Amino acid sequence: MRIKPQYCCCNFYSSSHLLSGSSHLTEIFSVALHHLVINKVFSSLFLSIQLSSIGGIVIVEKTQISDQYFLAVQKLVVLELGMVLLPVANQGEASQLITQLVREQSKDHNSNPFLRKQCSQLAESSVFRTVQQIPGVGKTKALLLLQEFGSIHRLCNTSVEELELVVGQTVAQQIYTFLCS
Amino acid sequence: TALSRDPLEKKPSLCILVDSREISSGAEVISSLKAVHGVKVQVCSLSSSDYIVSNRMAVERKFLSELLNSVNRNKVTQRIQRLQSMFERICVIVEKDRIKPGETSRFFQRTQYYDGVLSALVQAGVKILFSSCQEETAGLLKDLALVEQRKNSAIRVPTEVEGHKQEMLNFYLSFPNLSYLAALNMCHYFDSVKKMANSSPSDIATGAQVSLQKAEEIYRHLHYGFDVQMLPENLCAKGRSNAAAKS
(Lines give C-alpha, C1' and ligand atoms only; values in the text may rest on other atoms or scores of the structure.)
Protein backbone atom coordinates (compact mmCIF):
# COMPACT_ATOMS: atom_id res chain seq x y z
CA MET A 1 0.00 0.00 0.00
CA ARG A 2 1.60 3.18 -1.16
CA ILE A 3 -0.91 5.76 -0.06
CA LYS A 4 0.04 8.01 2.80
CA PRO A 5 -1.90 6.91 5.83
CA GLN A 6 -3.39 10.34 6.50
CA TYR A 7 -5.51 9.98 3.39
CA CYS A 8 -6.93 6.72 4.55
CA CYS A 9 -9.18 6.05 7.42
CA CYS A 10 -7.18 3.83 9.70
CA ASN A 11 -9.65 1.05 10.29
CA PHE A 12 -10.24 0.71 6.55
CA TYR A 13 -6.53 0.53 6.09
CA SER A 14 -6.10 -2.46 8.33
CA SER A 15 -8.99 -4.29 6.70
CA SER A 16 -7.32 -4.02 3.35
CA HIS A 17 -4.26 -5.68 4.82
CA LEU A 18 -6.44 -8.63 5.70
CA LEU A 19 -7.43 -8.87 2.09
CA SER A 20 -3.93 -8.92 0.69
CA GLY A 21 -3.67 -12.57 1.73
CA SER A 22 -6.67 -13.66 -0.27
CA SER A 23 -6.13 -15.60 -3.47
CA HIS A 24 -8.22 -13.49 -5.85
CA LEU A 25 -6.42 -10.44 -4.75
CA THR A 26 -8.21 -7.17 -4.91
CA GLU A 27 -6.95 -4.13 -3.15
CA ILE A 28 -9.41 -2.03 -1.32
CA PHE A 29 -8.72 1.62 -0.83
CA SER A 30 -10.92 3.71 1.26
CA VAL A 31 -10.61 7.43 1.09
CA ALA A 32 -12.75 10.35 2.08
CA LEU A 33 -14.01 11.82 -1.16
CA HIS A 34 -13.23 15.44 -0.46
CA HIS A 35 -9.67 14.54 0.48
CA LEU A 36 -9.28 13.05 -2.95
CA VAL A 37 -10.32 16.21 -4.66
CA ILE A 38 -9.10 18.92 -2.32
CA ASN A 39 -5.69 17.48 -1.64
CA LYS A 40 -5.15 16.58 -5.26
CA VAL A 41 -3.79 13.20 -4.33
CA PHE A 42 -5.83 11.83 -7.19
CA SER A 43 -3.14 11.17 -9.73
CA SER A 44 -0.60 9.73 -7.33
CA LEU A 45 -3.22 7.57 -5.67
CA PHE A 46 -4.46 6.04 -8.88
CA LEU A 47 -1.03 5.71 -10.31
CA SER A 48 -0.10 3.55 -7.37
CA ILE A 49 -3.19 1.42 -7.83
CA GLN A 50 -2.46 0.99 -11.52
CA LEU A 51 1.14 0.12 -10.82
CA SER A 52 0.01 -2.66 -8.58
CA SER A 53 -1.51 -4.06 -11.80
CA ILE A 54 -4.54 -5.56 -10.15
CA GLY A 55 -8.07 -4.26 -10.24
CA GLY A 56 -8.59 -1.98 -7.32
CA ILE A 57 -11.73 -1.29 -5.37
CA VAL A 58 -12.10 2.28 -4.20
CA ILE A 59 -14.52 2.95 -1.41
CA VAL A 60 -15.44 6.61 -1.10
CA GLU A 61 -17.26 8.48 1.57
CA LYS A 62 -20.24 10.08 -0.11
CA THR A 63 -21.90 12.60 2.18
CA GLN A 64 -23.95 15.70 1.55
CA ILE A 65 -20.75 17.75 1.61
CA SER A 66 -18.78 15.55 -0.75
CA ASP A 67 -21.74 14.71 -3.00
CA GLN A 68 -20.83 17.43 -5.49
CA TYR A 69 -17.56 15.68 -6.33
CA PHE A 70 -19.03 12.24 -6.71
CA LEU A 71 -19.88 12.27 -10.41
CA ALA A 72 -16.43 13.53 -11.39
CA VAL A 73 -14.71 10.94 -9.21
CA GLN A 74 -16.94 8.17 -10.54
CA LYS A 75 -16.20 9.17 -14.12
CA LEU A 76 -12.47 9.07 -13.50
CA VAL A 77 -12.29 5.92 -11.38
CA VAL A 78 -14.84 3.72 -13.16
CA LEU A 79 -14.96 5.00 -16.73
CA GLU A 80 -11.41 6.20 -17.29
CA LEU A 81 -9.45 3.84 -15.06
CA GLY A 82 -11.79 0.86 -15.20
CA MET A 83 -11.74 0.30 -11.46
CA VAL A 84 -14.52 -0.32 -9.00
CA LEU A 85 -15.95 2.57 -7.00
CA LEU A 86 -18.37 1.98 -4.15
CA PRO A 87 -19.86 4.85 -2.14
CA VAL A 88 -20.59 4.67 1.58
CA ALA A 89 -21.99 7.28 3.95
CA ASN A 90 -19.62 6.70 6.86
CA GLN A 91 -16.96 4.44 8.31
CA GLY A 92 -19.51 2.06 9.79
CA GLU A 93 -20.97 1.40 6.37
CA ALA A 94 -17.49 1.01 4.93
CA SER A 95 -16.56 -1.70 7.39
CA GLN A 96 -19.80 -3.58 6.68
CA LEU A 97 -19.19 -3.35 2.96
CA ILE A 98 -15.60 -4.52 3.27
CA THR A 99 -16.77 -7.47 5.35
CA GLN A 100 -19.13 -8.47 2.54
CA LEU A 101 -16.42 -8.01 -0.09
CA VAL A 102 -14.06 -10.23 1.87
CA ARG A 103 -16.80 -12.81 2.38
CA GLU A 104 -17.55 -12.83 -1.35
CA GLN A 105 -13.86 -13.23 -2.22
CA SER A 106 -13.40 -16.17 0.10
CA LYS A 107 -16.46 -17.95 -1.25
CA ASP A 108 -16.44 -20.50 -4.02
CA HIS A 109 -16.86 -18.87 -7.44
CA ASN A 110 -19.80 -21.12 -8.22
CA SER A 111 -21.79 -19.71 -5.36
CA ASN A 112 -21.88 -16.30 -7.04
CA PRO A 113 -25.37 -16.05 -8.56
CA PHE A 114 -24.18 -13.64 -11.26
CA LEU A 115 -21.50 -16.04 -12.46
CA ARG A 116 -23.74 -19.08 -12.52
CA LYS A 117 -24.56 -20.28 -16.01
CA GLN A 118 -28.23 -20.50 -16.88
CA CYS A 119 -29.14 -24.04 -17.74
CA SER A 120 -28.61 -23.97 -21.46
CA GLN A 121 -31.46 -24.91 -23.70
CA LEU A 122 -31.32 -28.23 -25.44
CA ALA A 123 -29.68 -27.77 -28.85
CA GLU A 124 -32.65 -29.49 -30.55
CA SER A 125 -35.06 -26.98 -29.05
CA SER A 126 -32.96 -23.98 -30.15
CA VAL A 127 -32.62 -25.24 -33.71
CA PHE A 128 -36.35 -26.02 -33.81
CA ARG A 129 -37.12 -22.51 -32.55
CA THR A 130 -34.90 -20.87 -35.19
CA VAL A 131 -36.47 -22.75 -38.10
CA GLN A 132 -39.92 -21.61 -36.94
CA GLN A 133 -38.79 -18.03 -37.49
CA ILE A 134 -38.75 -18.60 -41.25
CA PRO A 135 -41.88 -16.88 -42.60
CA GLY A 136 -44.58 -19.44 -43.44
CA VAL A 137 -43.06 -22.12 -41.22
CA GLY A 138 -44.78 -23.26 -38.05
CA LYS A 139 -44.16 -26.17 -35.72
CA THR A 140 -45.31 -28.89 -38.10
CA LYS A 141 -43.36 -27.69 -41.14
CA ALA A 142 -40.28 -26.93 -39.03
CA LEU A 143 -40.27 -30.51 -37.82
CA LEU A 144 -40.70 -31.89 -41.35
CA LEU A 145 -37.89 -29.70 -42.68
CA LEU A 146 -35.48 -30.65 -39.91
CA GLN A 147 -36.28 -34.35 -40.18
CA GLU A 148 -35.58 -34.16 -43.89
CA PHE A 149 -32.54 -31.85 -44.00
CA GLY A 150 -31.04 -32.20 -40.53
CA SER A 151 -29.47 -28.80 -39.94
CA ILE A 152 -30.00 -25.09 -40.59
CA HIS A 153 -26.90 -25.11 -42.76
CA ARG A 154 -28.24 -27.93 -44.94
CA LEU A 155 -31.63 -26.23 -45.15
CA CYS A 156 -29.99 -23.03 -46.42
CA ASN A 157 -28.29 -24.98 -49.20
CA THR A 158 -31.34 -26.86 -50.38
CA SER A 159 -32.85 -26.23 -53.81
CA VAL A 160 -36.43 -25.05 -54.14
CA GLU A 161 -37.29 -28.36 -55.85
CA GLU A 162 -36.08 -30.35 -52.88
CA LEU A 163 -38.06 -28.10 -50.55
CA GLU A 164 -41.21 -28.59 -52.63
CA LEU A 165 -41.12 -32.32 -51.94
CA VAL A 166 -41.44 -31.60 -48.22
CA VAL A 167 -43.66 -28.56 -47.79
CA GLY A 168 -45.42 -27.89 -51.10
CA GLN A 169 -44.81 -25.33 -53.79
CA THR A 170 -45.95 -22.06 -52.25
CA VAL A 171 -44.21 -22.42 -48.92
CA ALA A 172 -41.11 -23.89 -50.58
CA GLN A 173 -40.80 -20.76 -52.69
CA GLN A 174 -41.37 -18.58 -49.61
CA ILE A 175 -38.66 -20.40 -47.63
CA TYR A 176 -36.24 -20.31 -50.53
CA THR A 177 -36.75 -16.58 -51.03
CA PHE A 178 -36.26 -15.88 -47.35
CA LEU A 179 -33.06 -17.90 -47.04
CA CYS A 180 -31.39 -17.04 -50.31
CA SER A 181 -32.19 -13.40 -51.04
CA THR B 1 -21.84 20.77 -17.43
CA ALA B 2 -18.55 19.95 -19.10
CA LEU B 3 -20.35 19.54 -22.39
CA SER B 4 -18.43 22.14 -24.36
CA ARG B 5 -15.07 21.52 -22.72
CA ASP B 6 -14.85 17.84 -23.50
CA PRO B 7 -13.28 17.42 -26.95
CA LEU B 8 -14.80 13.94 -27.25
CA GLU B 9 -18.27 15.46 -27.51
CA LYS B 10 -17.53 16.53 -31.06
CA LYS B 11 -17.16 12.95 -32.29
CA PRO B 12 -19.76 11.45 -34.69
CA SER B 13 -23.14 11.02 -33.14
CA LEU B 14 -23.55 8.33 -30.53
CA CYS B 15 -26.26 5.74 -30.74
CA ILE B 16 -27.94 3.95 -27.85
CA LEU B 17 -30.62 1.27 -28.06
CA VAL B 18 -33.37 1.46 -25.47
CA ASP B 19 -35.82 -1.26 -24.50
CA SER B 20 -39.43 -0.25 -25.13
CA ARG B 21 -40.33 -0.79 -21.48
CA GLU B 22 -38.08 2.12 -20.57
CA ILE B 23 -40.54 4.51 -22.25
CA SER B 24 -42.72 4.30 -19.16
CA SER B 25 -40.13 3.79 -16.42
CA GLY B 26 -37.34 5.96 -17.80
CA ALA B 27 -39.01 8.69 -19.84
CA GLU B 28 -36.63 11.36 -18.55
CA VAL B 29 -33.59 9.21 -19.28
CA ILE B 30 -34.68 8.98 -22.90
CA SER B 31 -35.61 12.64 -23.31
CA SER B 32 -32.41 13.76 -21.61
CA LEU B 33 -30.29 11.51 -23.85
CA LYS B 34 -31.87 13.13 -26.89
CA ALA B 35 -32.22 16.74 -25.79
CA VAL B 36 -29.22 17.30 -23.50
CA HIS B 37 -26.68 14.88 -24.91
CA GLY B 38 -27.68 14.75 -28.57
CA VAL B 39 -27.56 10.96 -28.60
CA LYS B 40 -29.45 9.02 -31.24
CA VAL B 41 -31.91 6.91 -29.30
CA GLN B 42 -33.56 3.92 -30.93
CA VAL B 43 -36.39 2.33 -29.01
CA CYS B 44 -36.75 -1.38 -29.75
CA SER B 45 -37.88 -4.55 -28.11
CA LEU B 46 -34.62 -5.65 -26.47
CA SER B 47 -36.27 -7.75 -23.77
CA SER B 48 -32.96 -8.92 -22.28
CA SER B 49 -31.51 -5.57 -21.20
CA ASP B 50 -32.66 -2.00 -20.60
CA TYR B 51 -30.01 -0.39 -22.79
CA ILE B 52 -27.31 -1.35 -25.29
CA VAL B 53 -24.53 1.25 -25.64
CA SER B 54 -22.10 -0.58 -27.94
CA ASN B 55 -21.49 -3.79 -29.86
CA ARG B 56 -20.60 -5.54 -26.64
CA MET B 57 -22.07 -3.69 -23.68
CA ALA B 58 -25.51 -3.97 -22.12
CA VAL B 59 -26.70 -1.68 -19.34
CA GLU B 60 -29.26 -2.51 -16.69
CA ARG B 61 -30.94 0.32 -14.80
CA LYS B 62 -31.91 -0.68 -11.28
CA PHE B 63 -33.54 1.33 -8.54
CA LEU B 64 -31.69 1.33 -5.26
CA SER B 65 -34.83 -0.03 -3.56
CA GLU B 66 -34.77 -3.08 -5.85
CA LEU B 67 -31.36 -4.08 -4.49
CA LEU B 68 -31.96 -3.40 -0.80
CA ASN B 69 -33.81 -6.61 -0.01
CA SER B 70 -34.22 -10.06 -1.45
CA VAL B 71 -37.77 -9.56 -2.76
CA ASN B 72 -36.43 -9.09 -6.30
CA ARG B 73 -33.53 -11.50 -5.92
CA ASN B 74 -34.60 -14.01 -8.58
CA LYS B 75 -35.61 -11.41 -11.11
CA VAL B 76 -32.33 -9.52 -10.76
CA THR B 77 -30.08 -12.58 -10.86
CA GLN B 78 -31.88 -14.11 -13.84
CA ARG B 79 -31.57 -10.88 -15.82
CA ILE B 80 -27.84 -10.60 -15.09
CA GLN B 81 -27.20 -14.29 -15.79
CA ARG B 82 -28.90 -13.94 -19.15
CA LEU B 83 -26.87 -10.85 -19.99
CA GLN B 84 -23.66 -12.65 -18.99
CA SER B 85 -24.41 -15.30 -21.60
CA MET B 86 -25.05 -12.71 -24.33
CA PHE B 87 -22.74 -9.74 -23.79
CA GLU B 88 -19.03 -9.29 -23.22
CA ARG B 89 -19.59 -6.39 -20.86
CA ILE B 90 -22.38 -5.56 -18.48
CA CYS B 91 -22.99 -2.43 -16.48
CA VAL B 92 -25.57 -1.91 -13.76
CA ILE B 93 -26.63 1.66 -13.01
CA VAL B 94 -27.98 1.92 -9.47
CA GLU B 95 -30.40 4.84 -9.48
CA LYS B 96 -31.77 6.53 -6.39
CA ASP B 97 -35.53 6.12 -6.17
CA ARG B 98 -37.52 9.16 -7.17
CA ILE B 99 -39.33 10.96 -4.37
CA LYS B 100 -42.99 11.03 -5.24
CA PRO B 101 -44.90 14.29 -4.79
CA GLY B 102 -46.04 14.73 -1.20
CA GLU B 103 -43.54 12.18 0.07
CA THR B 104 -40.81 13.31 2.42
CA SER B 105 -37.34 12.26 1.39
CA ARG B 106 -36.89 8.52 1.47
CA PHE B 107 -34.66 7.20 4.13
CA PHE B 108 -32.13 4.83 2.69
CA GLN B 109 -31.20 2.16 5.19
CA ARG B 110 -28.20 0.31 3.85
CA THR B 111 -28.60 -3.44 4.27
CA GLN B 112 -26.23 -6.36 4.46
CA TYR B 113 -28.11 -7.83 1.52
CA TYR B 114 -27.31 -4.73 -0.55
CA ASP B 115 -23.60 -4.96 0.29
CA GLY B 116 -23.74 -8.65 -0.64
CA VAL B 117 -25.28 -7.85 -4.03
CA LEU B 118 -22.64 -5.20 -4.73
CA SER B 119 -19.85 -7.59 -3.72
CA ALA B 120 -21.20 -10.36 -5.92
CA LEU B 121 -21.55 -8.00 -8.88
CA VAL B 122 -17.97 -6.78 -8.41
CA GLN B 123 -16.74 -10.35 -8.20
CA ALA B 124 -18.66 -11.26 -11.36
CA GLY B 125 -16.94 -8.45 -13.27
CA VAL B 126 -20.07 -6.35 -13.66
CA LYS B 127 -19.42 -2.62 -13.82
CA ILE B 128 -21.45 -0.62 -11.29
CA LEU B 129 -22.34 3.07 -11.57
CA PHE B 130 -24.38 5.16 -9.17
CA SER B 131 -26.86 7.81 -10.18
CA SER B 132 -29.07 10.15 -8.17
CA CYS B 133 -31.73 10.76 -10.83
CA GLN B 134 -32.83 9.94 -14.38
CA GLU B 135 -30.92 12.90 -15.88
CA GLU B 136 -27.72 11.68 -14.26
CA THR B 137 -28.40 8.18 -15.57
CA ALA B 138 -28.66 9.63 -19.07
CA GLY B 139 -25.27 11.31 -18.61
CA LEU B 140 -23.72 8.03 -17.47
CA LEU B 141 -25.18 6.16 -20.45
CA LYS B 142 -23.70 8.76 -22.78
CA ASP B 143 -20.31 8.49 -21.03
CA LEU B 144 -20.39 4.69 -21.36
CA ALA B 145 -21.23 4.97 -25.06
CA LEU B 146 -18.35 7.43 -25.48
CA VAL B 147 -15.84 5.14 -23.79
CA GLU B 148 -17.04 2.26 -25.96
CA GLN B 149 -16.75 4.43 -29.06
CA ARG B 150 -13.15 5.18 -28.10
CA LYS B 151 -12.55 1.44 -27.96
CA ASN B 152 -13.98 0.98 -31.46
CA SER B 153 -17.10 -0.77 -30.29
CA ALA B 154 -19.67 1.91 -31.07
CA ILE B 155 -22.95 0.95 -32.70
CA ARG B 156 -22.42 1.77 -36.38
CA VAL B 157 -25.13 -0.06 -38.29
CA PRO B 158 -28.58 1.42 -39.05
CA THR B 159 -30.79 0.52 -36.10
CA GLU B 160 -34.09 0.62 -37.94
CA VAL B 161 -34.97 -2.40 -40.06
CA GLU B 162 -38.04 -3.18 -42.14
CA GLY B 163 -39.51 -5.90 -44.32
CA HIS B 164 -37.13 -8.69 -45.27
CA LYS B 165 -34.40 -7.31 -42.97
CA GLN B 166 -36.85 -7.35 -40.06
CA GLU B 167 -37.64 -11.01 -40.79
CA MET B 168 -33.93 -11.79 -40.93
CA LEU B 169 -33.44 -10.01 -37.62
CA ASN B 170 -36.15 -12.11 -35.96
CA PHE B 171 -34.53 -15.24 -37.40
CA TYR B 172 -31.11 -14.31 -35.98
CA LEU B 173 -32.60 -13.26 -32.66
CA SER B 174 -33.77 -16.83 -32.14
CA PHE B 175 -30.15 -18.05 -32.01
CA PRO B 176 -29.20 -19.06 -28.47
CA ASN B 177 -27.43 -16.36 -26.43
CA LEU B 178 -27.16 -13.93 -29.30
CA SER B 179 -27.48 -10.25 -28.42
CA TYR B 180 -29.81 -7.89 -30.25
CA LEU B 181 -26.85 -5.98 -31.61
CA ALA B 182 -25.00 -9.04 -32.89
CA ALA B 183 -28.20 -10.04 -34.72
CA LEU B 184 -28.57 -6.52 -36.09
CA ASN B 185 -24.94 -6.50 -37.28
CA MET B 186 -25.45 -9.84 -39.03
CA CYS B 187 -28.54 -8.46 -40.77
CA HIS B 188 -26.51 -5.68 -42.32
CA TYR B 189 -23.29 -7.59 -43.01
CA PHE B 190 -24.60 -10.69 -44.73
CA ASP B 191 -26.66 -10.25 -47.92
CA SER B 192 -28.66 -13.36 -47.20
CA VAL B 193 -29.22 -15.98 -44.52
CA LYS B 194 -27.61 -18.50 -46.86
CA LYS B 195 -24.41 -16.42 -47.07
CA MET B 196 -24.30 -16.24 -43.29
CA ALA B 197 -24.92 -19.98 -42.92
CA ASN B 198 -22.04 -20.73 -45.28
CA SER B 199 -19.59 -18.48 -43.43
CA SER B 200 -16.65 -19.56 -41.32
CA PRO B 201 -16.55 -18.72 -37.59
CA SER B 202 -14.08 -15.90 -38.24
CA ASP B 203 -16.36 -14.38 -40.91
CA ILE B 204 -19.25 -14.60 -38.48
CA ALA B 205 -17.13 -12.91 -35.80
CA THR B 206 -16.42 -10.04 -38.19
CA GLY B 207 -20.00 -9.79 -39.41
CA ALA B 208 -21.68 -9.94 -36.03
CA GLN B 209 -18.88 -8.03 -34.24
CA VAL B 210 -18.57 -10.72 -31.60
CA SER B 211 -15.72 -12.75 -30.12
CA LEU B 212 -14.49 -15.80 -31.98
CA GLN B 213 -15.83 -17.93 -29.16
CA LYS B 214 -19.32 -16.51 -29.64
CA ALA B 215 -18.99 -16.92 -33.42
CA GLU B 216 -18.16 -20.59 -32.94
CA GLU B 217 -21.29 -20.95 -30.83
CA ILE B 218 -23.31 -19.50 -33.73
CA TYR B 219 -21.50 -21.80 -36.19
CA ARG B 220 -22.36 -24.85 -34.07
CA HIS B 221 -26.00 -23.80 -33.98
CA LEU B 222 -26.08 -23.58 -37.78
CA HIS B 223 -24.43 -26.96 -38.30
CA TYR B 224 -26.05 -28.86 -35.47
CA GLY B 225 -27.46 -32.18 -36.66
CA PHE B 226 -31.05 -32.26 -35.49
CA ASP B 227 -32.32 -35.48 -33.94
CA VAL B 228 -36.06 -35.55 -33.52
CA GLN B 229 -35.75 -38.17 -30.78
CA MET B 230 -34.02 -35.59 -28.63
CA LEU B 231 -36.72 -32.95 -28.99
CA PRO B 232 -38.78 -32.65 -25.80
CA GLU B 233 -42.21 -34.13 -26.47
CA ASN B 234 -44.07 -31.03 -25.41
CA LEU B 235 -42.48 -29.15 -28.32
CA CYS B 236 -43.40 -31.72 -30.94
CA ALA B 237 -47.14 -31.42 -30.90
CA LYS B 238 -49.36 -28.71 -29.56
CA GLY B 239 -52.04 -31.14 -28.43
CA ARG B 240 -49.60 -33.09 -26.32
CA SER B 241 -48.14 -30.05 -24.62
CA ASN B 242 -51.60 -28.77 -23.71
CA ALA B 243 -52.47 -32.11 -22.23
CA ALA B 244 -49.24 -32.11 -20.24
CA ALA B 245 -49.93 -28.64 -18.90
CA LYS B 246 -53.38 -29.67 -17.68
CA SER B 247 -52.27 -32.81 -15.88
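See the structure printed just above.
Residues numbered from 1 in each chain as written. Chains lettered and ligands numbered in written order. Predicted model: local features only at pLDDT ≥ 70, side-chain atom pairs only at ≥ 80, totals over all residues. Heavy atoms only, no water.

### Some words on the overall build of chain A
Next up, step 1: The number of helices and strands found in chain A is ten helices and three strands.
Next up, step 2: For chain A, the α and β elements follow one another from N to C terminus as α-β-α-α-β-α-β-α-α-α-α-α-α.
Next up, step 3: Sequence-distant contacts, at least 24 apart, represent 57% of the contacts inside chain A between residues at least 6 apart.
Next up, step 4: Counting only carbon and sulfur atoms, one obtains 54% of the accessible surface of chain A, whose full area is about 9000 Å². (Helix = DSSP H or I, 4+ residues; strand = E, 2+ residues; numbered from the N terminus. Contact = heavy atoms within 4.5 Å. Areas by Shrake-Rupley, 256 points an atom, 1.4 Å probe, with all protein chains shown as cover.)

### Brief notes about the interface of chain B and chain A
Next up, step 1: On the chain A side, the residues contacting the 58 residues of chain B number 57 residues.
Next up, step 2: Between chain B and chain A, the buried area comes to about 5300 Å², and carbon and sulfur atoms account for 63% of it.
Next up, step 3: Considering only the surface of chain B that becomes buried against chain A, R110, Q123 and F226 of chain B emerge as the three largest contributors, covering 13% of it.
Next up, step 4: Counting the contacts that link chain B with chain A gives three salt bridges. (Buried area = accessible area lost by both parts, 1.4 Å probe. Salt bridge = Lys/Arg side-chain N within 4 Å of Asp/Glu carboxyl O.)

### Notes on the nonpolar core
Next up, step 1: Core analysis: the biggest nonpolar cluster contains 118 residues, and L145 of chain A together with Y172 of chain B have the highest contact counts within it.
Next up, step 2: Residues contacting Y172 of chain B, with those up to four places away along its chain left out, are L178, A183, M186, C187, F190, S192, V193 and M196 of chain B. (Core = buried A, V, L, I, M, F, W, Y, C linked by side-chain atoms within 4.5 Å. Buried < 20%, exposed > 50% of the residue type's maximum accessible area, 1.4 Å probe, protein only.)

### Describing the sheet that holds strand β5 (residues 89–95) of chain B
Residues and elements named next belong to chain B.
Next up, step 1: Read from one edge to the other, the open sheet built from six strands follows the order β2-β1-β3-β4-β5-β6, with strand pairing classed as mixed. Sheet topology places β2 (40–44) and β6 (127–131) at the edges, where each strand pairs with a single neighbour.
Next up, step 2: Relative to strand β4 (residues 57–63), strand β3 (residues 51–52) runs antiparallel, the two being bridged by two bridges. Within the sheet, the bridge partner assigned to I52 lies in β4 and is A58. (Pairing = 2+ DSSP bridges.)

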